[in-house]
Amino acid sequence: MASLVRHVTIDCADPHTLAGFWARALEGTLGEDDNPGDEEALVESAGASLLFIRVPEGKSVKNRVHLDLQPQDRSRDEEAERLVALGATVLADHRRPDGTGWITLADPNTRDYQFCAA
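What this report covers is the structure whose coordinates are included nearby. From a predicted model like this one, the values you see are computed outputs, not experimental measurements.

## Here's the deal with the nonpolar core
Among the nonpolar cores identified, the biggest contains 19 residues, and W22, V43, L50 and F52 are the most heavily contacted of them. Elements represented by at least two residues in this core include exactly strand 1 (8-12), helix 1 (15-25), strand 3 (40-44), strand 4 (49-54), strand 5 (67-69), helix 2 (76-86) and strand 7 (103-106). If we skip the residues at most four places from it in the chain, F52 touches I10, C12, P15, L18, A19, W22, E39, E40, A41 and V43.

Okay, structure coming up:
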């Protein structure tokens, strides 16, 4: 039997704060035993589990992984607006007149973890 992805692990400076954003963004849950100041925080959602781990060093190069979000009950534009209201920042807008394309956003904690709403 093949291995399964248990969760996607993300290095960051403040695991609890960043996990809180992603729990709201994915309408998931933050682990009951995850508290501010902890070394890690886990978000469980229907689409993915994300584990945020505190690291002392900052990011030095471009991220090699990003999350592509696909809204299930709203349009891409409505989802982007919701994520910005939660604290995300729009980095680039790749929407096309025919309705295709995506929006690249950054998380509110470090402003360097990019994700796309497609």
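## Notes on helix 2
Given 3.6 residues to a turn, an α-helix orients residues that are three or four positions apart in the same direction. All of the buried residues along helix 2 are R76, E79, A80, R82 and L83. In an axial view of helix 2, the angular spread of the buried residues amounts to 160 degrees, which keeps them on one side of the axis. In helix 2, the exposed positions angled more than 90 degrees off the buried face are occupied by E81 and A85. Among the residues trailing helix 2, G87 stands out with phi positive, at a value near 125 degrees.

## Some words on the side chain of T104
Residue placement: T104 occurs in strand 7. Within polar-contact distance, the side chain of T104 engages the side chain of W102 at 3.4 Å.

## So, the pattern of salt bridges
A full pass over the atoms with the stated rule returns eight salt bridges. The residue E39 makes a salt bridge to R54 at a minimum N-O spacing of 3.5 Å. In this pair, E39 sits in the loop between strand 2 (29-30) and strand 3 while R54 sits in strand 4, placing the two residues 15 residues apart along the sequence. Put simply, R95 and D77 hold a salt bridge, and the shortest N to O gap is 2.8 Å.

Here is what the cut-offs are and how they apply
Starting from 1, residues in each chain are numbered consecutively following that chain's sequence as written. With the structure being a predicted model, the display of local features is reserved for residues of pLDDT at least 70 and the display and counting of side-chain atom pairs for 80 or more, all residues being used for whole-chain, interface and lining totals. Hydrogens and water molecules were not included; the side-chain quantities draw on all heavy atoms of the structure. We define a nonpolar core as any set of buried Ala, Val, Leu, Ile, Met, Phe, Trp, Tyr and Cys residues linked to one another through side-chain atoms lying within 4.5 Å. For each residue, the accessible area found with a 1.4 Å probe, counting protein chains only, is set against the maximum for its type, and the residue is called buried under 20%, exposed over 50%, and partly exposed in between. To qualify as a helix, a DSSP run of H or I must reach at least 4 residues; to qualify as a strand, a run of E must reach at least 2; elements of each kind are numbered from the N terminus. Only heavy atoms enter the contact rule, under which two residues are in contact if any of them lie within 4.5 Å. Here the arc refers to the directions that run from the helix axis out to each C-beta atom. For the purposes of these results, a polar contact is taken to be a pair of N or O atoms within 3.5 Å, where, inside protein, one atom must be able to donate a hydrogen and its partner to accept one; residues adjacent in sequence count only when each atom of the pair is a side-chain atom. By definition here, a salt bridge exists when the distance from a side-chain nitrogen of Lys or Arg to a carboxyl oxygen of Asp or Glu is within 4 Å.

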